[in-house]
Amino acid sequence: MGTYLTPLISPKHVELDKLQGRILAIDAFNSIYQFLALVRDKYGRPLTNSRGQVTSHLVGLVSRYSRLVYEYNMLFIFVFDGPPHPLKRKELERRKTLREKARQEYLELLRKGDLEKAFSKAVVSASIDEWIVESSKKLLRLMGFPIIQAPHDAEAQAAFLVKSEQAWAVGSMDWDSLLYGSPRLVRYVTLTGFEWLPSKMMARKLMPEIVELEETLNMLGITHQQLVDLAILVGTDYNDGIPGVGPKRALYLIKKYGSLEGLPLNLKKMLPNNYKEIRELFLNPPITTSYDIIFGELDEEGLRKFLVDENDFSHEKVETYLKRLREAFQRRTRTLDYFL
DNA sequence: CGCAGGTA
DNA sequence: TACCTGCGG
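Conventions adopted
Residues numbered from 1 in each chain as written. Chains lettered and ligands numbered in written order. Predicted model: local features only at pLDDT ≥ 70, side-chain atom pairs only at ≥ 80, totals over all residues. Heavy atoms only, no water. Buried < 20%, exposed > 50% of the residue type's maximum accessible area, 1.4 Å probe, protein only. Helix = DSSP H or I, 4+ residues; strand = E, 2+ residues; numbered from the N terminus. Pairing = 2+ DSSP bridges. Near = heavy atom within 4 Å. Polar contact = N/O pair within 3.5 Å; in protein donor to acceptor, adjacent residues only side chain to side chain. Nonpolar A, V, L, I, M, F, W, Y, C, P; charged D, E, K, R; others polar. Domains from an automatic or database assignment. Buried area = accessible area lost by both parts, 1.4 Å probe. Salt bridge = Lys/Arg side-chain N within 4 Å of Asp/Glu carboxyl O. Phe/Tyr/Trp six-rings, centres within 6.5 Å; stacked < 30°, edge-to-face > 60°. Lys NZ or Arg CZ within 6 Å of the ring centre and 35° of its normal.

> Describe the pairing of strand β2 (residues 23–27), listing the residues and the values that go with them.
With 4 of 5 residues buried, β2 is to be regarded as a mostly interior element. Alignment of β2 against strand β3 (residues 75–80), held across 5 bridges, turns out to be parallel. Across the sheet, L24 pairs through a bridge with F76, a residue of β3. Of the pairings in the sheet, the one linking β2 to strand β5 (residues 169–171) comprises 3 bridges and is parallel in character. Residue pairing in the sheet places I26 in a bridge with G171 of β5.

Right under this line is the structure:
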């Protein structure tokens, strides 16, 4: 879920045209999860192949990213989460419980014939399993995109890619890459742009948004480390926040007392014992530098076999995706030749 | 979600 | 042009 910082951050709307030619480091699970949540039939069931394996994520990934590459010359590096950091276990358990509860409610509502409510529960119950991870990686490789396996949190690795100027921005819905020090974050890089709001059971139209870390810190009047301290007060994937302290109050406290160390004793004793370790995890996260970013060949035959033969995509649609990818790829090669 | 094919 | 609906796998 990431850290709740929404009330403090003022993203700027941006036209897709303004992202022309940019390299984005995509939090792969974050993107896949959105497709799993939204690409569903009218009963709220995900799309599947004839063997019953889920294909919603494949539909979403190939249609969205082939078009963004084709129409906007964008490039994508997909960063996958590694095994969760030990401190994150508790948060993951909590999410699992939520999903299982939603799954039970979904089945019950479906039995009663309340399709609309069932759909909203189905969305919450979406989860990523081995098949979804492996089939996503296979598809993205066939499309020629580089994949990076993060040691733990993909947002940390993606932030590193932007810090080291291997990517222009992180692409994710969550704010955590900013805590990990990414200079730039883009959200809602989609074609039609809708977000599902489970609480209201409706979809909201969205525009791509951009957040600059430096600008955000200036606006809030704090440093990066203070932003991390603020997040620890609110609650992160690694700790529960202090009861009654939301983003606004946390900002007030951090500006008044400077840091977690400076807090009055009654508040300080409510901090997790390992708050220094958590802070360090954001300021100096475990990342890997052993990877190559290679925008590889487009494997047309491989894509036909994988999508049409193995996953029951329509031949016509796959040819459309191939055409986009092929033209984008050739355009890229020509540009490269021009510079060489 | 992305898209096509409808309607106002 | 804006909005709605239903489908994809």
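Further notes follow.
> Outline the protein's contact with DNA strand C, supporting the account with residue identities and numerical values.
The environment of DNA strand C is made up of V39, R40, P46, L47, T48, T55, V59, N311, D312, F313, S314 and K317. Take the atoms of DNA strand C that sit within 4 Å of the protein: sugar and phosphate atoms are 59% of them. Separating a base nitrogen of DNA strand C from a backbone N or O atom of T48 is a distance of 3.1 Å. A distance of 2.5 Å separates a sugar or linking oxygen of DNA strand C from a polar atom in the backbone of N311. Classifying every residue of the surface near DNA strand C gives 5 nonpolar, 4 polar and 3 charged.

> Let's hear about the domain arrangement of chain A: which residues, and what values?
We note that the domain assignment places domain 1 (1–220) and domain 2 (221–284) within chain A. Once you take the C-alpha centre of each, domain 1 and domain 2 turn out to be 26 Å apart. Buried area between domain 1 and domain 2, both sides added, is near 2000 Å², and the carbon and sulfur share of it is 64%. Counting every contact that joins domain 1 to domain 2 gives 3 salt bridges. Our count for the contact surface shared by domain 1 and domain 2 stands at 11 residue pairs in polar contact (both at pLDDT 80 or more). For the side of domain 1 that touches domain 2, the secondary structure elements donating two or more residues are α3 (89–112), α7 (176–179) and α8 (213–220). Examining the composition of the side of domain 1 that touches domain 2, we find that 5 residues originate from one element, α8, more than from any other.

> If you had to explain the packing of aromatic side chains to someone new, which residues and values would you point to?
All told, the structure shown has 8 aromatic pairs when counted by the stated rule. On the numbers, 6.0 Å between centres and 85° between planes, the contact of F29 with F80 is edge-to-face. Residue F29 is located in helix α1 (residues 28–38), and its partner F80 is located in strand β3; the two are separated by 51 residues in the primary sequence. Through a chain of ring-to-ring contacts, three or more aromatic side chains come together here, namely Y65, F76, F78 and F145. When the ring centre of F80 is taken as origin, the NZ or CZ atom of K137, which lies over that ring, is 5.1 Å away.

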